[in-house]
Amino acid sequence: MQPFARHTCPLCGQPNGCAPAAAGSFEVDCWCRQVSVSPQALAQVPEALKGKACLCRACAVADVSAEQGSEPAE
Ligand SMILES: [Zn+2]
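From a predicted model like this one, the values you see are computed outputs, not experimental measurements.

Asker: Just checking my understanding: could you explain the overall build of the protein for this structure?
Answerer: A tally of regular secondary structure across the protein gives 3 helices and 0 strands. N-terminal to C-terminal, the α/β element order of the protein is α-α-α. Relative to its 74 residues, the protein shows a buried fraction of 23%. For the protein, the computed accessible surface area is about 5,200 Å², with 54% contributed by carbon and sulfur atoms.

Asker: Looking at this model, I keep getting lost on the coordination of the zinc ion. Mind explaining?
Answerer: Six octahedral donors around a metal ideally subtend angles of 90 or 180 degrees, whereas four tetrahedral donors ideally subtend 109.5 degrees. Of the protein atoms, only C9 (SG), C12 (SG), C56 (SG) and C59 (SG) coordinate the zinc ion, at distances of 2.2 to 2.4 Å. Site description for the zinc ion: donor spacing in sequence, C-x2-C-x43-C-x2-C. Of the residues examined, C9 reaches a relative accessible area of 3% and is grouped as buried. A relative accessible area of 36% means that C12 is categorised as partly exposed.

Asker: Help me out: how do you make sense of the nonpolar core in this one?
Answerer: Here is a general trend for soluble globular proteins: nonpolar side chains tend to be buried in one another's company. Residues C9, C18, A21, C30, W31, A41, V45, L55, C56, C59 and A60 constitute the largest nonpolar core, which totals 11 residues. Leave out the neighbours within four places in its chain, and C30 touches G17, C18, A19 and P20.

Asker: Is there a simple way to think about the state of the cysteines in this case?
Answerer: Here a disulfide denotes a covalent bond joining the sulfur atom of one cysteine to the sulfur atom of another. Enumeration according to the criterion identifies 0 disulfides in this entry. C18 carries a free sulfur, and the closest cysteine sulfur to it, the one in C54, is 3.4 Å from it.

Asker: What is the right way to look at the pattern of salt bridges in this model?
Answerer: Opposite charge on two side chains allows them to pair when their charged atoms are near. In this structure the tally under the stated criterion is 2 salt bridges. When the shortest N-O distance is used, the salt bridge between R33 and D29 registers 3.6 Å. The closest approach of N and O atoms between E47 and K50, which form a salt bridge, is 3.5 Å.

Asker: In this structure, what is going on with the side chain of S38? I would like to understand it.
Answerer: Its location among the elements puts S38 in the loop between helix 1 (19-23) and helix 2 (39-44). Classification of S38 by relative accessible area gives buried; the value is 5%. A polar atom in the side chain of S38 sits 2.9 Å from the side chain of Q40. Leave out the neighbours within four places in its chain, and S38 touches A60, V61 and A62.

Asker: Is there a simple way to explain the environment of G24 in this structure?
Answerer: On the secondary structure map, G24 appears in the loop between helix 1 and helix 2. Of the residues examined, G24 reaches a relative accessible area of 32% and is grouped as partly exposed. Expressed as a C-alpha distance, the spacing of G24 and A5, which sit 19 residues apart in the sequence, is 7.2 Å.

Conventions and cut-offs
Once a new chain begins, its residue numbering starts again from 1 and follows that chain's sequence as written. For this predicted model, a pLDDT threshold of at least 70 governs which residues receive local features, and a threshold of 80 or more governs which side-chain atom pairs are given and counted, while totals over whole chains, interfaces and linings are taken from all residues. With hydrogens and water set aside, each side-chain value is computed from the structure's full complement of heavy atoms. Secondary structure counts use DSSP, requiring at least four H or I residues in a row for a helix and at least two E residues in a row for a strand, with both numbered from the N terminus. Relative accessibility under 20% of the residue-type maximum defines a buried residue, over 50% an exposed one, and the middle range a partly exposed one, all with a 1.4 Å probe and only protein chains included. The Shrake-Rupley method, run with a 1.4 Å probe, gives the accessible areas here. Residue values count only the displayed protein chains as cover. With water omitted from the atoms examined, metal sites may look incomplete; donors here are N, O and S atoms no farther than 2.8 Å from the metal, or 3.2 Å in the case of Na, K and Ca. Residue types Ala, Val, Leu, Ile, Met, Phe, Trp, Tyr and Cys, when buried and joined through side-chain atoms within 4.5 Å, form a set referred to as a nonpolar core. Should any heavy atoms of two residues lie within 4.5 Å, those residues are counted as being in contact. In this description, a disulfide is simply a cysteine sulfur pair whose atoms lie within 2.5 Å. By convention in these notes, a salt bridge is any Lys or Arg side-chain nitrogen within 4 Å of a carboxyl oxygen on Asp or Glu. Side-chain atoms alone can form a polar contact between residues adjacent in sequence; in general such a contact is a pair of N or O atoms within 3.5 Å, and within protein one must be able to donate a hydrogen while the other accepts it.

Next comes the structure, spelled out in structure tokens:
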């Protein structure tokens, strides 16, 4: 099984930074394994792209309940 070679976020169209998609292998570690992807974000992914395109980090961690006054913890 190969990673899906989609490098853009299905929600915002920005680069998703998906390491396996870039490397063409699941043998690489990806930021998405360190974050918990927001169910709200997943729910917004178009049906045709579900399971086929990675979200970008910003969209993946977006939490509608923590929208106000939150700073990215980089
Ligand atoms: Zn995005």
